[in-house]
Amino acid sequence: MMRARDWLAAAFAATLLAAPALAKEVKVALVPGGPHPYFANWEQGGKDAMRDFGLAAADYKVPAKWELGLQNQLIENFAAQGYNAFLIFPGDPVGTNGPMQDLASSGIPSIATAGCTKDPTPALFCFGTDVGHSAYLGTKELIKTMGGKGTIVHFTGNLVDPNTELRMKAVQQAVDESHGAIKLLQTIADIDRTPQEADEKINALLAARGKEIDGIITTAWLPSVSAATALRRIGDKRIKMVGIDHDQVVLAAIKDGFVHGTMLQNPYGQAYIGSYVMEEIVGHGCKVNPNAPFKKNAYTTRFIDSGTAFLGADGVAHYQDAMKKVTQDLMKTFKATYLTCP
Amino acid sequence: MKGLLRTDWIGLLVLVLAGGAALAAARPEFLTAYNIDVILVSFCLTVVYALGQGVMIAIGHMNLALGATGCLVAVAFGGVLEVWHLPLALAIGFGLLLGVACGFVNGWLTYRTGLTSFIITLATLSIFKGAALGITQAQPFYGIPAAVKAFGSDRWGPLPEMLLVALPIVIVIAVFFGRMVVGRQLLAYGGNPHAAELSGIPASRVVILAHTLSGVLAAVAGMLSVARLQNATPSIGDEWLIASFAAPVIGGAVLTGGHLPVIGTCLGVLVVALINQALVMLAVDPFYVQVLLGLLILGAVGLNRLREVRLGTAPAVRLS
Amino acid sequence: MAVTVANARRARLPAALGGALRSNVAGLVIGIAVFTLAFALYTSGFTSRINIYSLSRSIGINGVVGLAMMAVLVTGGLNLALGAIGVCSAMVVGWALQALGLGVAPALLLGLIAGAALGAINGLIVVTTRLHSFVVTLATMSIFFGGMVLLSGAQGFNALPPGLTGFGRMRLFGMISPLLIVLLIVGFALFYLYRFTALGREMLAAGANPVAAKLAGLPVERLFVLCHALSGALGAVAGVLASLRNGAIVPSMAGPLGSDWLLPAFLIPVLGGTLLTGGEVSVLGTVLGAVFVEVMTSGLYMLQIGEFWIQTALGLVLLGAILLERARAGMALARGRQS
């Protein structure tokens, strides 16, 4: 099996020596796992990066379905179309390493974006929300507004999503730190695929055990929307909730007081900064600094936090500014911290 | 005893009642108005598209594009409301027409080509779903009028307003297949297409009518979903396929056609809703739902088969 | 009059050519040639090495998926649980490699056996209950997949031996994936089975008319169970091939309940001329059907008509292909009746 090892070695070399020093035309493909409102801001982030850094392209390319096979096939297809840098949301933390390896063996770098691939991975690094940290902060906010005691439930994403496990652990940690004052009644996972499922499960739980529940933490997009809608429907504002992301329904519920707040993520910045990094690496021969102060999570030792921020009723009107500010702060030090350039 | 055995839904009714009683005993909250409302909402959404599949099963066809039709209608409905600001009545009419069109295309193609509806609707599934995604670029339409949202949320005690749509549909379908000549013709065709054609029932009319009816029911279910979810998102309909077959089959439908158990389908929907509810209330791993649902379908069709054999109505050879 | 003349002329054509024209093979070859040429001319990158490599891989995987469904279409039934079986079997391979520490060959063999066994379960339920395989496999797809997730905790296997991953990444002549070779080997084996062995011919006869076959003394039930088992075993092969592309064995590789495979599984054999009513297969047609579908998919993406409209375009193309095929078959039939 000399062959396999040769390939790995070649791939590794190609990743490190991603490009010659001469400026080269950089075409970035931003590939989410499938259609999901979370990724909508990637498109704008890519466009802005294209304008600001002179990329040849930074195109948002959505697989029409959440299907690992389809995503992997698409990635190859885009490479054939001449895209030479990839920001990929891993359809599967392990299964996405395959196409990344293929890209790497053709000398094309990729960044695991918004979710991580599992080490050992050919991805340059993982750039996304520190979802554990975000879930932890959100749970803390929730506990604070609940007055430090009571019973909460956690609604989260799909079990195959690399982030779900991290979120469940973080919520548990925040609960444990209350030393018994807060009780986690139940976690409902796997409800981030269709809104109908989220609506049904969340309402079923609220109907059956609503009286025991004092607080709701949601750590995925669709459950946040469904839970916010359900609380508006109940209408008595007794149950407190901290959601995630910036769906209109959630923002409106915050404004009207049905939801306490939401944990913003930074999809715009992921695309904007990620595309910028690709311009530096592919276009100008920069390399990822192996000694950079990466964070660690359950999947990888090369993780960079794309930022998170709590948004309460006071900030709803200007939430986009909050996201842009997080991005600008990251940009200031990104190159110096994580890249080494010729 | 034999009379009771012939009524195919009596066992299911016992199952639903016993299951409900057990849940109520385990958790008193089960009988609160809010909880019954939640179950009934799920019933309203599911029964409409389950009947949409039931109509197809009745003539021995199937509609794999059911969810895609519901999805396309849902986003078109949301789109004309948000972008064109159409009055509600017109938007509903538009949605229904689109459902008619989708169903008609399925029926016409199936009839004209003589191919199985399985393969035709597999292709149109791709077409409709792609169109829904293309129109929305995978982003939901949020501009749903308050009246529509209220309709999906409001209830009188335990009874959701959506019953106002679902119940009449159940009754109309029951009357259509039980009492009306056209409905009878559909069933006769489903039971034996060849004999039905010989006795003068036009196959073209039966096939196209049934597919169109299926399309309309999918359209109604799609718009109900918009009312319930408060937005029109292109993932509506994604999980309909298995449930749409499970409910009629649990209710006693036979895929070779000739029979549409309307009450059985309703009870089948309730059984699945109760299982889902029980799993949430008792905090069971969601993946047990899959295994349970599969076993339930097998059990239900197995029981049906047993009853047919007992009554001597089972066909002698049906291998595939 | 004109028809008669055309018929007379056709009758003079060599028999072999007539046979090819009457099957789907000619239409598919023409379709593949025309579209490949068009995409090569009007897109950039369609004929690039990376795309040919990618195509050869997808054709390999989806071709085996199509053949696996074909093996059960023979009976006039179908296998909705195909994807679930593929994922379950691949997970068995992963488990054998990583938890049991078996070598590659015994692990693959275990996976094949698992696939065949799950398929045989489908077959046994179908023949003993005499229920339609649609309902049976609708139920077992839930049961198999749900059972696999419960047993595995939805955790995949990513430490595959380098021999296996190396095979998955190999490039013959710099652009052909060995997965395509696997498809060709499976195809030849099936061709041999249906054309030259008594077992294969009995399968076809039983599928074409179970009642008559039974009267003629064929063990129809046992043959049907074998067809389902064969479908399961081929599903296992497809599951392993898909894992090789991903470089890991993951439960999500075929979507919820393995349902992502259903579209290619049915379209490919049907395009290739396999009848849904049973009793007739076309191995060559199925392989060419896979080539056609993958060329279309890849080319449509290259045309950049917008990701979301691809699905619609693909549906339309496939519908068109089915309708054309239907028209051609109808004309051939009409001609046959007249002569």
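Residues numbered from 1 in each chain as written. Chains lettered and ligands numbered in written order. Predicted model: local features only at pLDDT ≥ 70, side-chain atom pairs only at ≥ 80, totals over all residues.

S.K.: I keep staring at the overall build of chain B and nothing clicks. Help me out?
M.R.: Summing up its helical and strand segments, chain B has 14 helices and two strands in all. A globule of 320 residues ought to have a C-alpha radius of gyration of about 20 Å, and chain B, at 20 Å, matches this closely. When its C-alpha atoms are laid out on the principal axes, chain B stretches across 55 × 55 × 35 Å. Within the span of chain B, comprising 320 residues, buried residues form 55% of the whole. When contacts within chain B are restricted to residue pairs at least 6 apart in sequence, long-range pairs at least 24 apart make up 79% of them. (Helix = DSSP H or I, 4+ residues; strand = E, 2+ residues; numbered from the N terminus. Rg over C-alpha atoms; globule rule 2.2 N^0.38 Å. Buried ≥ 20, exposed ≤ 12 C-beta atoms within 10 Å, placed from the backbone. Contact = placed C-beta atoms within 7 Å.)

S.K.: Hey, could you run me through the overall build of chain A in this one?
M.R.: Within chain A one finds 11 helices and 14 strands. For chain A, the C-alpha radius of gyration of 21 Å lies close to 20 Å, the compact-globule estimate for 342 residues. By residue count, 63% of the 342 residues in chain A fall in the buried class. In chain A, the proportion of contacts linking residues at least 24 apart, taken out of those at least 6 apart, comes to 74%.

S.K.: Would you take a moment to explain the packing of helix α4 (residues 49–73) of chain C against helix α9 (residues 178–196) of chain C for this structure?
M.R.: What describes two packed helices is the angle between their axes and the distance between those same axes. All names here are of chain C. Running from amino to carboxyl end, α4 crosses α9 at an angle of 30 degrees, the nearest separation of the two axes being 7 Å. As the angle between them shows, α4 and α9 are arranged roughly parallel. α4 and α9 meet at a crossing whose hand is left-handed. Seen from α4, the contacting residues are Ser56, Arg57, Ile59, Gly60, Ile61, Gly63, Val64 and Leu67; seen from α9, they are Leu179, Leu180, Val182, Leu183, Val186, Gly187 and Leu190. Looking at side-chain class alone, the contact of α4 with α9 contains 10 nonpolar, four polar and one charged residues. (Axes fitted to C-alpha atoms, helices over the stretch in contact; angles between N-to-C directions. Parallel < 35°, antiparallel > 145°, perpendicular 65-115°, else oblique. Left-handed = near helix turned anticlockwise from the far one by under 90°. Nonpolar A, V, L, I, M, F, W, Y, C, P; charged D, E, K, R; others polar.)

S.K.: Would you explain the interface of chain C and chain B in this entry?
M.R.: Where interface size is given, it is often the accessible area lost as the parts come together that is meant. The partner chain B presents 37 residues to the 46 residues of chain C that form the contact. When residues of the side of chain C that touches chain B are traced back to their parent elements, those giving at least two are α6 (104–129), α7 (133–152), α11 (210–215), α12 (220–246), α13 (262–271) and α15 (307–338) of chain C. Among the residues forming the side of chain C that touches chain B, the class breakdown is 29 nonpolar, 15 polar and two charged.

S.K.: Please explain the sheet that holds strand β13 (residues 309–312) of chain A as it appears in this structure.
M.R.: The strands that make up a sheet pair up through hydrogen bonds in the backbone, lying either parallel or antiparallel. Residue and element names in this part refer to chain A. If you walk across this open sheet you meet the six strands as β7-β6-β8-β9-β10-β13, and the pairing is mixed. Sheet topology places β7 (182–188) and β13 at the edges, where each strand pairs with a single neighbour. Here the average twist between neighbouring strands, direction ignored, is 20 degrees. Here strand β9 (residues 240–244) runs beside strand β10 (residues 261–264); their pairing, made up of three bridges, is parallel. Note on β10: the bridge partner recorded for Gly243 is Thr262. Taken strand by strand, helix α7 (residues 195–209) contacts β6 (150–155) and β7, and its axis lies near 140 degrees from that of β7. (Pairing = 2+ DSSP bridges.)

S.K.: Looking at this structure, I do not really get the sheet that holds strand β4 (residues 110–113) of chain A. What am I missing?
M.R.: All names here are of chain A. If you trace the six strands from one edge of the open sheet to the other, you get β2-β1-β3-β4-β5-β12, paired in parallel fashion. On the outer flanks of this sheet lie β2 (57–60) and β12 (303–305), each paired with one strand and no other. Pairwise comparison of adjacent strand axes, ignoring direction, gives a mean angle of 20 degrees for this sheet. Sheet topology places strand β5 (residues 126–128) next to β12; three bridges connect them, and they run parallel. The partner of Cys126 across the bridge, within β12, is Phe303.

S.K.: How do you make sense of unusual backbone geometry when you look at a structure like this?
M.R.: Most of the time, phi is negative for any residue but glycine, and the peptide bond is trans. Residue and element names in this part refer to chain A. The omega torsion of the bond from Asp119 to Pro120 falls at -5 degrees, within 30 degrees of zero and hence cis. When you line up the elements, Pro120 lands in the loop between β4 and β5. A positive phi is found at His179, a non-glycine position, where the angle reads about 55 degrees. Within the secondary structure layout, His179 lies in the loop between α6 (162–176) and β7. Taking the number of C-beta atoms within 10 Å as the measure of exposure, His179 has 7 and is therefore exposed.

S.K.: Would you explain the domain arrangement of chain A in this entry?
M.R.: Residues and elements named next belong to chain A. You can read the domains of chain A as domain 1 (2–129 + 266–307 + 320–340) and domain 2 (131–264). Spacing between the C-alpha centres of domain 1 and domain 2 amounts to 30 Å. Broken down by class, the residue content of the side of domain 1 that touches domain 2 amounts to nine nonpolar, four polar and one charged. (Domains from an automatic or database assignment.)

S.K.: What am I meant to see in the interface of chain C and chain A here?
M.R.: At the junction of the two partners, chain C supplies 33 residues and chain A supplies 31 residues. Within the residue set of the side of chain C that touches chain A, elements represented by two or more residues are α4, α8 (162–169), α12, α14 (283–302) and α15 of chain C. Per-element tally for the side of chain C that touches chain A: the top contributor is α8 of chain C, with five residues. Grouping the constituent residues of the side of chain C that touches chain A by class yields 12 nonpolar, 17 polar and four charged.

S.K.: What exactly am I supposed to notice about α4 of chain C here?
M.R.: Three- or four-residue spacings in an α-helix give side chains the same orientation, since the helix completes a turn every 3.6 residues. Taking 1.5 Å as the rise per residue, α4 of chain C with 25 residues should run 36 Å; its terminal C-alpha atoms sit 35 Å apart, in good agreement. Taking burial as the measure, the 25 residues of α4 of chain C include 23 buried ones, the bulk of the element. (Expected span 1.5 Å × (residues − 1).)

S.K.: Would you mind showing me how to read the nonpolar core here?
M.R.: The nonpolar side chains of a soluble globular protein tend to be buried with one another. By size, the foremost hydrophobic cluster in this structure holds 340 residues, and its most contacted members are Leu72 and Ile297 of chain B together with Val64 of chain C. Counting only domains with at least three residues in this core, you end up with domain 1 (2–129 + 266–307 + 320–340) and domain 2 (131–264) of chain A. For Val64 of chain C, the residues in contact, after removing those within four places along its chain, are Leu183, Val186, Leu234, Val237, Ala238 and Leu241 of chain C. (Core = buried A, V, L, I, M, F, W, Y, C linked by C-beta atoms within 7 Å.)

S.K.: I would appreciate a short explanation of the pairing of β6 of chain A in the present structure.
M.R.: Residue and element names in this part refer to chain A. Of the pairings in the sheet, the one linking β6 to β7 comprises six bridges and is parallel in character. Residue Gly150 lies in a different strand from β7, and its bridge partner there is Ile182. Pairing geometry for β6 and strand β8 (residues 215–218), over four bridges, is parallel. From the neighbouring strand, Ile152 faces β8, where its bridge partner is Gly215.

S.K.: How should the packing of α6 of chain C against α12 of chain C be read in this particular structure?
M.R.: All names here are of chain C. Contact geometry of α6 with α12 gives a least axis separation of 6 Å together with a crossing angle of 145 degrees. At the point where α6 passes α12, the crossing takes the right-handed sense. The residue makeup of the contact of α6 with α12, split by class, is 17 nonpolar, nine polar and one charged.

S.K.: Looking at this structure, I do not really get the confidence of the model for chain A. What am I missing?
M.R.: Caution applies to low-pLDDT parts of the model: their predicted coordinates are not meant to be read in detail. The predicted model of chain A has a mean per-residue pLDDT of 88, with 93% of residues at 70 or higher. Of the regions scoring below 50 in pLDDT, residues 11–22 of chain A engages in 22 contacts with residues more than four places distant in sequence or in other chains. (pLDDT = per-residue confidence, 0-100.)

S.K.: Looking at this structure, how should I read the confidence of the model for chain B?
M.R.: Residues and elements named next belong to chain B. Averaged over all residues, the pLDDT of chain B is 87; the fraction at 70 or higher stands at 93%. Contacts for the low-pLDDT stretch residues 1–5, under 50 throughout, to residues beyond four places or in other chains number three contacts. Per-residue pLDDT stays below 50 along residues 314–320; that stretch engages in 17 contacts with residues further than four places along the chain or on separate chains. Listed scores for the predicted complex are pTM 0.85 and ipTM 0.80.

S.K.: Teacher, can you tell me more about the environment of Val153 of chain A here?
M.R.: Residues and elements named next belong to chain A. Here Val153 shows up in strand β6. Separated by 55 residues in the primary sequence, Val153 and Ala208 have C-alpha atoms spaced 13 Å apart. Residues contacting Val153, with those up to four places away along its chain left out, are Leu185, Gln186, Leu205, Ile213 and Ile216.

S.K.: It is not clear to me how the environment of Leu88 of chain B should be interpreted in this structure. Could you clarify?
M.R.: Residue and element names in this part refer to chain B. Turning to its location among the elements, Leu88 is positioned in helix α5 (residues 88–113). Note on Leu88: 14 C-beta atoms within 10 Å, which makes it partly exposed. It is 8.4 Å that separates the C-alpha atoms of Leu88 and Val148, two residues lying 60 residues apart in sequence. For Leu88, the contacting residues outside a window of four places in its chain are Pro145, Ala147 and Val148.

S.K.: I would appreciate a short explanation of helix α4 (residues 66–82) of chain B in the present structure.
M.R.: An ideal rise of 1.5 Å per residue puts 24 Å on 17 residues; α4 of chain B measures up with 24 Å between its terminal C-alpha atoms. With 15 of 17 residues buried, α4 of chain B lies mostly within the body of the structure.

S.K.: So what exactly am I meant to see when it comes to the pairing of β8 of chain A here?
M.R.: If a strand is regular, its side chains alternate between the two faces of the sheet. Residues and elements named next belong to chain A. Of the two faces of β8, the one carrying Gly215 and Ile217 and the one carrying Ile216 and Thr218 are both buried. Of the pairings in the sheet, the one linking β8 to β9 comprises three bridges and is parallel in character. Directly across from Gly215, in β9, lies its bridge partner Lys240.

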